[in-house]
Amino acid sequence: MFSDIMKNVKAKSPLINVITNFVTVNDCANILLAAGASPCMAYDIREVEDIVSISQGLVINLGAIEDDRAMLLSTKKANEMKIPVIFDPVAAGASRLRNDLCTEFLQNVKFSVIRGNISEIKSLALGSSTTKGVDAADADEITENNISEVVKMAKSLSEKTGSVIAISGKTDVVADHQRAYIIKNGHPMMALITGSGCMLTTLICAYCAANPDRIFESTAAAVCTMGVCGEYAYQKTIDTDTGTSSFRNYLIDYVSKLDSEMIEERMKLEVY
Ligand SMILES: Nc1ncnc2c1ncn2[C@@H]1O[C@H](COP(=O)(O)OP(=O)(O)OP(=O)(O)O)[C@@H](O)[C@H]1O
Ligand SMILES: Cc1ncsc1CCO
Ligand SMILES: [Mg+2]
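Named according to an unreviewed UniProt entry, the protein chain is Hydroxyethylthiazole kinase originating from Candidatus Methanomassiliicoccus intestinalis. Quoted verbatim from the Pathway (unreviewed entry) field of the UniProt record, the comment on the protein chain reads "Cofactor biosynthesis; thiamine diphosphate biosynthesis; 4-methyl-5-(2-phosphoethyl)-thiazole from 5-(2-hydroxyethyl)-4-methylthiazole: step 1/1." Recorded under Catalytic activity (unreviewed entry), the UniProt text for the protein chain is reproduced unchanged: "5-(2-hydroxyethyl)-4-methylthiazole + ATP = 4-methyl-5-(2-phosphooxyethyl)-thiazole + ADP + H(+)".

Asks: I'd like a description of the packing of helix α6 (residues 118–126) against helix α7 (residues 147–161), backed by residues and values.
Replies: Orientation of α6 relative to α7, taken along the N-to-C sense of each, is 55 degrees, at an axis distance of 10 Å. The orientation of α6 with respect to α7, classified from their angle, is oblique. Once α6 is placed against α7, the crossing between them reads as left-handed. On α7, the residues that touch I118, I121, K122, L124, A125 and L126 of α6 are V150, M153, L157 and K160. Among the residues making up the contact of α6 with α7, the classes are represented as 8 nonpolar, no polar and 2 charged.

Asks: Would you mind going over the UniProt feature "binding site: substrate" (unreviewed entry) in the protein chain in detail, with residue names and values included?
Replies: Using the residue numbers shown here, the UniProt feature "binding site: substrate" (unreviewed entry) corresponds to M41 and G195. Locating M41 in the fold gives a position in the loop between β2 (38–40) and α3 (48–53). The residues touching M41, leaving out its near neighbours within four places in the chain, are N17, V18, V25, C28 and A29. Here G195 falls in the buried class, since its relative accessible area comes to 9%.

Asks: An account of the packing of aromatic side chains is needed here, citing residue identities and associated values.
Replies: All chains considered together, the criterion is met by 4 aromatic pairs. Relative to F111, the ring of F87 has its centre 4.5 Å away and its plane inclined at 10 degrees; by these criteria the two rings are stacked. Within this pair, whereas F87 is found in strand β4 (residues 85–88), its partner F111 is found in the loop between α5 (96–108) and β5 (113–117), the two being separated by 24 residues in sequence. Members of the aromatic cluster, connected to one another through ring pairs, are F87, F105 and F111. For R179, the ring lying beneath its charged end belongs to F216, and the centroid distance is 4.0 Å.

Asks: Can you break down the site of ligand 2 residue by residue, with the values?
Replies: Every residue near ligand 2 is listed here: N21, V23, T24, G63, V90, V134, T194 and C198. In isolation ligand 2 offers 290 Å² of accessible surface; the protein chains occlude 74% of this area.

Asks: If you had to explain the site of ligand 1 to someone new, which residues and values would you point to?
Replies: In the region of ligand 1, 19 residues are neighbours, and N117, S168, D172, G197 and C198 sit closest. G169 has a polar backbone atom sitting 3.1 Å from an oxygen atom of ligand 1. For ligand 1, the protein covers 90% of the area, taking 630 Å² as the surface of the free molecule. Contributions of two or more residues to the shell around ligand 1 are made by β5 and α8 (196–210). The element contributing the most residues to the shell around ligand 1 is α8, with 4 residues. Residues of the shell around ligand 1, tallied by class, amount to 7 nonpolar, 9 polar and 3 charged.

Asks: Go over the nonpolar core, please, and point to the residues and values.
Replies: Formed by 53 residues in total, the largest nonpolar core has its most connected members in I16, I204 and Y207. In terms of residue count, the dominant contributor to this core is helix α9 (residues 215–239) (12 residues). Not counting the four nearest positions on each side in its chain, I204 is found in contact with I86, V113, R115, A166, T219, A222 and V223. Counting 34 residues, the second largest nonpolar core, distinct from the first, contains V52, F87, L124 and I165.

Asks: Before we move on, can you summarise a negative patch on the surface with the specific residues and values?
Replies: Judged by side-chain charge, E47, E49, D50 and E80 come together as a negatively charged surface patch. Mapped onto the secondary structure, E47 falls in the loop between β2 and α3.

Asks: How would you sum up the side chain of E217? Please name residues and give values.
Replies: Positionally, E217 belongs in helix α9. With no salt bridge to any partner, buried E217 finds its closest opposite charge in R179, at an N-O distance of 4.4 Å. Separated by 2.8 Å, the side chains of E217 and Y181 make a polar contact. Setting aside chain neighbours within four positions, we find E217 in contact with M1, F2, I5, R179 and Y181.

Asks: Tell me what's going on with the sheet that holds β4, and back it up with residues and numbers.
Replies: Note on sheets: strands pair through backbone hydrogen bonds, and any given pair is parallel or antiparallel. Across the sheet, which stays open at both edges, the 9 strands sit in the order β2-β1-β3-β4-β5-β6-β7-β8-β9 with mixed pairing between neighbours. Two strands bound the open sheet, and with one partner strand each, they are β2 and β9 (269–271). Between one strand axis and the next, the sheet turns by 20 degrees as a mean value, whatever way the strands run. Where β5 meets strand β6 (residues 164–168), 5 bridges bridge the pair, whose relative direction is parallel. Paired with N117 across the two strands is S168, which belongs to β6.

Cut-offs and rules
Residues numbered from 1 in each chain as written. Chains lettered and ligands numbered in written order. Predicted model: local features only at pLDDT ≥ 70, side-chain atom pairs only at ≥ 80, totals over all residues. Heavy atoms only, no water. UniProt positions renumbered as here; feature names shortened; annotations may be inferred. Axes fitted to C-alpha atoms, helices over the stretch in contact; angles between N-to-C directions. Helix = DSSP H or I, 4+ residues; strand = E, 2+ residues; numbered from the N terminus. Parallel < 35°, antiparallel > 145°, perpendicular 65-115°, else oblique. Left-handed = near helix turned anticlockwise from the far one by under 90°. Contact = heavy atoms within 4.5 Å. Nonpolar A, V, L, I, M, F, W, Y, C, P; charged D, E, K, R; others polar. Buried < 20%, exposed > 50% of the residue type's maximum accessible area, 1.4 Å probe, protein only. Phe/Tyr/Trp six-rings, centres within 6.5 Å; stacked < 30°, edge-to-face > 60°. Lys NZ or Arg CZ within 6 Å of the ring centre and 35° of its normal. Near = heavy atom within 4 Å. Areas by Shrake-Rupley, 256 points an atom, 1.4 Å probe, with all protein chains shown as cover. Polar contact = N/O pair within 3.5 Å; in protein donor to acceptor, adjacent residues only side chain to side chain. Core = buried A, V, L, I, M, F, W, Y, C linked by side-chain atoms within 4.5 Å. Patch = residues over 30% accessible without salt bridge, like charges linked within 9 Å, V, L, I, M, F, W, Y side chains within 5 Å. Salt bridge = Lys/Arg side-chain N within 4 Å of Asp/Glu carboxyl O. Lys, Arg positive; Asp, Glu negative; His and termini not counted. Charge placed at Lys NZ, Arg CZ, Asp CG, Glu CD. Pairing = 2+ DSSP bridges.

This is the structure in structure tokens:
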């Protein structure tokens, strides 16, 4: 299902500029290299337009905001060039600065994909502020009881923004204004390392940059990749009697080792 999408990442090796946070920046660069893409983490206002002009994709991550002017300048350039721009609204709902920037970005930028945990996406869609900082609040967890409401919310946010919406967690949702996939891969250990969400957003950008006419499918492929690699990495953590720090390395290892057969074997994707 995703074999050509993954092959294109390796064949084209897209250059992705990532304006992200100092917490997870190195993991984001490594996940891109593991997938076959090429990272650049330029964020200085004096050069972002030049770097974006030679890039095939752009990530804007609000984890630790240093210079929102550089973010806006680079998105403007990327939109002019019509390359995919992926938004990670980290901790949306947690502070006025984050909420104001999310509003400003959604008004002025065309994002191909918006990827967040359920609390962050609820904040964008409903203006709620339930988030536990950078982590989703337990009370927001997607369950069998609320999944239809969550899908409805994602479709309506997609309609409003023109972006594909990816919600991560125990259950992942990928939706545009009319279609949705539910993906149930991954492992709870993924929430015990920082940056699994930031890495997922960056991987989505690589897949979209290599397949710019297939944003919805590329997003789903990246979500499945991350989930399946989380499962393999957890197994390896158990087999080696290690813990969360090794798990993080194994996660990157498996993204570099993964092929489409390994995904297809384990993928738990349903059309909703
Ligand atoms: N309980 C879980 N079971 C299975 N997979 C999970 C679980 N929690 C998170 N994941 C997976 O971990 C990845 C990151 O999702 P998560 O929602 O934790 O991101 P996040 O909160 O934005 O993370 P961060 O801000 O630390 O980067 C996704 O691939 C998701 O499917
Ligand atoms: C822990 C943390 N704080 C700001 S960004 C970040 C990484 C996870 O989003
Ligand atoms: Mg996050």
